[in-house]
Amino acid sequence: MTTCIICHLGIIEGLHSSQDCPNGHLAHMDCLKEWLLHSSNCPLCREPYPDRIIAQFKDFIDQKETEKLVSIEKEAKQEDVKKMEQVASKIIFMKFLESIEILIKEGEFEYALSRLDLHNNGSTSIQMGQDILFLKGKINFMRGRFDLAINQLFKLVKEKYDHPEGFLYLGKAYEALGLDDKAKWAYERVK
Ligand SMILES: [Zn+2]
Ligand SMILES: [Zn+2]
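What you see is a predicted model, and the numbers here were worked out from it, not measured in a lab.

Here the focus is the overall build of the protein chain. In terms of regular secondary structure, the protein chain is built from eight helices and two strands. For the protein chain, the N- to C-terminal ordering of α and β elements is β-β-α-α-α-α-α-α-α-α. Projecting the C-alpha coordinates of the protein chain onto the three principal axes gives extents of approximately 95 × 35 × 25 Å. Within the protein chain, the fraction of its 191 residues that count as buried is 30%. Of the contacts made within the protein chain by residues no fewer than 6 positions apart, 38% connect residues no fewer than 24 positions apart. Carbon and sulfur atoms form 55% of the exposed surface of the protein chain, whose accessible area is close to 12,800 Å². Where the 26 positive side-chain charges of the protein chain centre and where its 30 negative ones centre are 6 Å apart.

When a metal holds four donors in a tetrahedron, each ideal angle between them is 109.5 degrees; when it holds six in an octahedron, the ideal angles are 90 or 180 degrees. The zinc ion (ligand 2) binds to the protein through Cys21 (SG), His25 (ND1), Cys42 (SG) and Cys45 (SG); the donor distances cover 2.0 to 2.3 Å. In this structure, the zinc ion (ligand 2) is coordinated by four donor atoms arranged in tetrahedral fashion, with angles at the metal of 101 to 118°. Written as a sequence motif, the donor residues of the zinc ion (ligand 2) are C-x3-H-x16-C-x2-C. Residue Cys21 is found in the loop between strand S1 (18–20) and strand S2 (26–28), and its partner Cys42 is found in the loop between helix H1 (29–35) and helix H2 (51–56); the two are separated by 21 residues along the sequence. Each member of the pair, Cys21 as well as Cys42, is classed as buried.

Inspection of the entire model under this criterion finds nine salt bridges. The closest approach of N and O atoms between Lys58 and Asp62, which form a salt bridge, is 2.7 Å. Pair noted here: Lys58 and Asp62 are both in helix H3 (residues 58–105), with a separation of four residues, about one helical turn. For Lys58, a relative accessible area of 47% translates into the label partly exposed. For the salt bridge of Asp117 with Lys136, the shortest nitrogen-to-oxygen distance reads 2.8 Å. Residue Asp117 is located in helix H4 (residues 109–121), and its partner Lys136 is located in helix H5 (residues 126–142); the two are separated by 19 residues in the primary sequence. Put simply, Lys184, Glu188 and Arg189 are held in one network by salt bridges that share partners.

Right, let's get into the coordination of the zinc ion (ligand 1). Protein-derived coordination of the zinc ion (ligand 1) comes from Cys4 (SG), Cys7 (SG), His28 (ND1) and Cys31 (SG), at a distance range of 2.1 to 2.3 Å. For the zinc ion (ligand 1), the four donor atoms in the first shell make angles of 99 to 118° at the metal, a pattern classed as tetrahedral. The motif formed by the donor residues of the zinc ion (ligand 1), counted along the single chain, is C-x2-C-x20-H-x2-C. Of this pair, Cys7 sits in the segment before S1 while Cys31 is found in helix H1, placing the two residues 24 residues apart along the sequence. Of the residues examined, Cys31 reaches a relative accessible area of 17% and is grouped as buried.

In this model helix H6 (residues 146–159) runs 20 Å from its N-terminal to its C-terminal C-alpha over 14 residues, within 8% of the 20 Å that 1.5 Å per residue would give. Among all positions in H6, only Ala149, Ile150, Gln152, Leu153, Leu156 and Val157 are buried.

Scoring rules and cut-offs
Residues numbered from 1 in each chain as written. Chains lettered and ligands numbered in written order. Predicted model: local features only at pLDDT ≥ 70, side-chain atom pairs only at ≥ 80, totals over all residues. Heavy atoms only, no water. Helix = DSSP H or I, 4+ residues; strand = E, 2+ residues; numbered from the N terminus. Buried < 20%, exposed > 50% of the residue type's maximum accessible area, 1.4 Å probe, protein only. Contact = heavy atoms within 4.5 Å. Areas by Shrake-Rupley, 256 points an atom, 1.4 Å probe, with all protein chains shown as cover. Lys, Arg positive; Asp, Glu negative; His and termini not counted. Charge placed at Lys NZ, Arg CZ, Asp CG, Glu CD. Donors = N, O, S within 2.8 Å, 3.2 Å for Na, K, Ca; no water. Tetrahedral: all angles 85-135°; square planar, octahedral: opposite > 155°, others 65-115°. Salt bridge = Lys/Arg side-chain N within 4 Å of Asp/Glu carboxyl O. Expected span 1.5 Å × (residues − 1).

Encoded structure:
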């Protein structure tokens, strides 16, 4: 029995339609259809299929190519939406940080802290979590809770070593508690 060079199953005359390459290598029509999406050469001998064979599958190939384009476009659009959502949530978060800074300036420390706590419960990125941690430490320093400030700022700089402001307030908090060696250590890391 003749077998198909693509799927290696039998080609039964009268049941399967088949097509061969210029060197007589037979393949099921359905198998060849899929193969031609990837290559226009025979999978066995690499001889190009004549145009008249490829022409038979033109509609199918065109349709597949259109489908591919549509799905690429769709993916790109989904990416755009995702990016826009990220930008929007970043803007909202920046506005939130601005409102916290205003509260700090007005000396509304307790209220600012409670708002930061509420925000922390939501889904936040690593960056947002660090921003929140920094502000909590800074506020606790400003309201004289140096122990809490040290706790939060130390956690922050352990996570993000490159955070000059974090080290600055950490140093200030150590200094306020008379821990001069530790303050010096922190200040040295403010670039
Ligand atoms: Zn086949
Ligand atoms: Zn061939």
